[in-house]
Amino acid sequence: MSAPGEIVHGRSLDRPVELEADLVVVGTGAGGAMVAREAARAGLRVVALEEGAHSTPRDFTQREDEMLPLLFQDAGARTTTDGAVTVLQGRGVGGSTVHNTNLCKRAPAEVLDGWNLPGWSARELAPHSELVERELEVSRMGEADLNRNNALLRRGVEKLGWKGGMLSHNRVGCVRSGFCELGCAFDAKQNALKVLVPEAVQAGARVFSDCRGERILVEGGRAVGVTGHALSADGRPGPKLTVRGAVCLSGSAVGSARLALASGLPDPENRVGRTLRLHPGAAVAGIFDEVVEGWWGIPQSYECTEKLRFDAAAGDDRTWILPAFAHPIGFASAMPGFGAAHMRRMRKYPHVAIFVAMLHDRSSGRVALKRGRLQISYALTSEDQRALLSGMRACAELMLAAGARQVMVPFAEPLELTRASELDAIPRHGYRPLDPLLTAVHPMGTLPLGTVTDEQGRFRGVGRLWVADGSLFPTSLGGPPQLSIYAAAHKVAGHLIAELRG
């Protein structure tokens, strides 16, 4: 077995660094951490680069003003170019697994089988998913994990006779503090940061935090390394870092596409970054006479799948409905109004429940660079607009069925409903950019299998270059992608290890 590796903090580097490796992994989220661990265990010399910090549970203060800049790209303020969709993505060792709500759900068989890609059917991906579920201790949540916000969704589902059920997660020792999205100070997440990165280091991998990969080096049609810079505390580039070796891109559907574009990789069909799926969500709030206090407990433990279909005739039934909540700053920023009107809404905070409709989107966005600056463009097709509004209407119907005395739909001019006969006002309002505001936490699809990458995750046209993150998925998954990214990365890792050792 190799000697243990190390985690190097890029801020400590004071001079240029040049390294040799068998494999350079860019990104340490679910995909990158899995590939780094598997490759290191196979005896390969692995260097992983992460542009964010290496944080531990001691760093998770449960304060929004401190955790958003630490754990999220652009301090949680990353948006599409028109500002219509906030794109929340992780930044740091462990990637988005540090701040996500730990939902673990396999990609639907209808989606995987619909790709019609050799090796990627639900049956063929199942062994990789099973391994992840064992190693990250995935389990079904129970009654004790159901907070009031989630219980209200279940009440609405049962009252309407709709489909719903408990979700699965990868927590062990959870104290149900409610601060999952700000990093777990209690170290209960069985995620990339806690499980895979330490195992990769133990197997010999070297992980460099605060180090941004900026260009893939290509010679003779093959990837031969990555160059970039260590970053200072304020994000400015410091000493240059060059790591020579084969490359695996695992920097997210946005980050990996950005690096591919910045590196000028071959793109004969002009497909790199052009098939972005965002799985965007729109929230609906309900005000109850009873106390909800949705900030306590596990944020998401129950789902409604009544309006989620994956067949060609799904029509407007393409939204996954689940509870969502926000801590005070996030809640205040999402509430419409100003001054006294805003204060009145904030005083109802303990009595508010929030459901979100997440769209299994068919719209195609784009990741691009303009004068070196990242641009994310995304616009809903007319059919996706209808499906999203249909999902929002369903959220409002669930709220009323659960006993809400008032439902607030956060359009630019807030729509307030008190009875079922008013629900059709939601689709009548229609959709416009910024009205309602959307949030996306599951970007996918910018380097898809079958076009930009082959069925083994190799980047077409460049040897010794693989992709192992949500970029690979040719379509939206219609659910949380975390488990599928871990599983896909495990599959890709097997292919790259075989090639590099061969």
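Just above, that's the structure.
Residues numbered from 1 in each chain as written. Predicted model: local features only at pLDDT ≥ 70, side-chain atom pairs only at ≥ 80, totals over all residues. Heavy atoms only, no water.

Visitor: Go over the overall build of the protein with me, naming the residues and quoting the values.
Guide: When helices and strands are counted, the protein shows twelve helices and 21 strands. Here the protein has a C-alpha radius of gyration of 22 Å; the compact-globule value for 502 residues is 23 Å, and the two agree. With the C-alpha coordinates aligned to their principal axes, the bounding extent of the protein is approximately 65 × 45 × 45 Å. For the protein, with 502 residues in total, the buried portion stands at 56%. When contacts within the protein are restricted to residue pairs at least 6 apart in sequence, long-range pairs at least 24 apart make up 75% of them. (Helix = DSSP H or I, 4+ residues; strand = E, 2+ residues; numbered from the N terminus. Rg over C-alpha atoms; globule rule 2.2 N^0.38 Å. Buried < 20%, exposed > 50% of the residue type's maximum accessible area, 1.4 Å probe, protein only. Contact = heavy atoms within 4.5 Å.)

Visitor: Give me the pairing of strand E12 (residues 281-287): which residues, what numbers.
Guide: Counting buried positions along E12 gives six out of seven residues, so the element sits mostly inside the fold. As judged from the seven bridges shared by E12 and strand E15 (residues 352-359), these two strands associate in the antiparallel manner. Looking across to E15, one finds that isoleucine 287 is bridged to valine 352. In terms of strand pairing, E12 meets strand E18 (residues 406-409) through three bridges, oriented antiparallel. Counted as the bridge partner of alanine 285 is methionine 408 from E18. (Pairing = 2+ DSSP bridges.)

Visitor: Let's hear about the packing of aromatic side chains: which residues, and what values?
Guide: One pair of aromatic rings is described through two measures. These are the centre distance and the angle between the planes. Scanning all chains against the criterion turns up six aromatic pairs. Pairing tryptophan 295 with phenylalanine 325 gives two aromatic rings, centres 6.4 Å apart and planes at 50°, and the pair type is tilted. Separated by 30 residues along the polypeptide, tryptophan 295 in the loop between E12 and strand E13 (302-304) and phenylalanine 325 in the loop between strand E14 (319-323) and helix H8 (328-334) bring together distant segments of the chain. Of the residues examined, tryptophan 295 reaches a relative accessible area of 21% and is grouped as partly exposed. Pairing phenylalanine 325 with tyrosine 349 gives two aromatic rings, centres 5.6 Å apart and planes at 25°, and the pair type is stacked. Taken as a pair, phenylalanine 325 in the loop between E14 and H8 and tyrosine 349 in the loop between helix H9 (339-346) and E15 lie far apart in primary sequence, 24 residues in all. Of the two residues, phenylalanine 325 and tyrosine 349, both sit in the buried class. (Phe/Tyr/Trp six-rings, centres within 6.5 Å; stacked < 30°, edge-to-face > 60°.)

Visitor: Please set out the pairing of strand E11 (residues 237-249) residue by residue, giving values where relevant.
Guide: For strand E2 (residues 17-26) and E11, the ladder comprises eight bridges, and the chain directions are parallel. Among the inter-strand pairings, leucine 19 is bridged to a residue of E11, identified as valine 243. Taken together, the six bridges between strand E10 (residues 222-231) and E11 define a ladder with antiparallel strand orientation. Counterpart to glycine 225 in the pairing with E11 is arginine 244. Once E10 ends, the chain turns through five residues before running back antiparallel as E11, passing glycine 235 with a positive phi of about 90°. Relative to strand E21 (residues 465-467), E11 runs parallel, the two sharing three bridges. Following the sheet pairing, cysteine 248 is matched in E21 by tryptophan 466.

Visitor: Give me the environment of valine 226: which residues, what numbers.
Guide: As for its placement among the helices and strands, valine 226 is situated in strand E10. Taking the C-alpha atoms as reference points, valine 226 and isoleucine 216, ten residues apart in sequence, are found 4.6 Å from one another. Those residues in contact with valine 226, other than ones at most four positions away along the chain, are Val24, Val26, Leu49, Gly213, Arg215, Leu217, Leu241, Thr242, Val243 and Val247.

Visitor: Summarise the packing of helix H4 (residues 122-135) against helix H12 (residues 482-501); cite the residues concerned and give the values.
Guide: Direction vectors running N to C along H4 and H12 enclose 115°, while the axes themselves pass 8 Å from each other. On the basis of their axis angle, the class for H4 and H12 is roughly perpendicular. Where H4 crosses over H12, the handedness of that crossing is right-handed. On H12, the residues that touch Leu125, His128, Ser129, Leu131, Val132 and Glu133 of H4 are Leu483, Tyr486, Ala487, Ala488, His490 and Lys491. (Axes fitted to C-alpha atoms, helices over the stretch in contact; angles between N-to-C directions. Parallel < 35°, antiparallel > 145°, perpendicular 65-115°, else oblique. Left-handed = near helix turned anticlockwise from the far one by under 90°.)

Visitor: Describe in detail the nonpolar core, supporting the description with residues and values.
Guide: Within the largest apolar cluster, 87 residues are counted, with the highest numbers of intra-cluster contacts made by Val35, Trp115, Phe208, Phe459 and Leu465. Tallying contributions element by element places H12 first for this core, with ten residues. Not counting residues up to four positions away in its chain, the partners in contact with phenylalanine 208 are Val8, Leu13, Leu19, Val47, Ala48, Leu49, Glu50 and Leu241. If you look at the next biggest cluster of nonpolar residues, it comprises 59 residues, including Val87, Ala257, Val292 and Ala404. (Core = buried A, V, L, I, M, F, W, Y, C linked by side-chain atoms within 4.5 Å.)

Visitor: Which residues make up the pattern of salt bridges, and what values do they have?
Guide: Enumeration according to the criterion identifies 31 salt bridges in this entry. Ionic pairing is found between arginine 318 and aspartate 384, a salt bridge with its closest N-O pair at 2.8 Å. Highlighted residues: arginine 318 in the loop between E13 and E14 and aspartate 384 in helix H10 (residues 382-402), separated in sequence by 66 residues. We note that arginine 318, like aspartate 384, is buried. Salt bridges here are not isolated pairs; linked through shared partners, they connect Arg37, Glu38, Arg41, Glu135 and Glu199. (Salt bridge = Lys/Arg side-chain N within 4 Å of Asp/Glu carboxyl O.)

Everything listed here is a matter of coordinates, which is why it stays silent on function.
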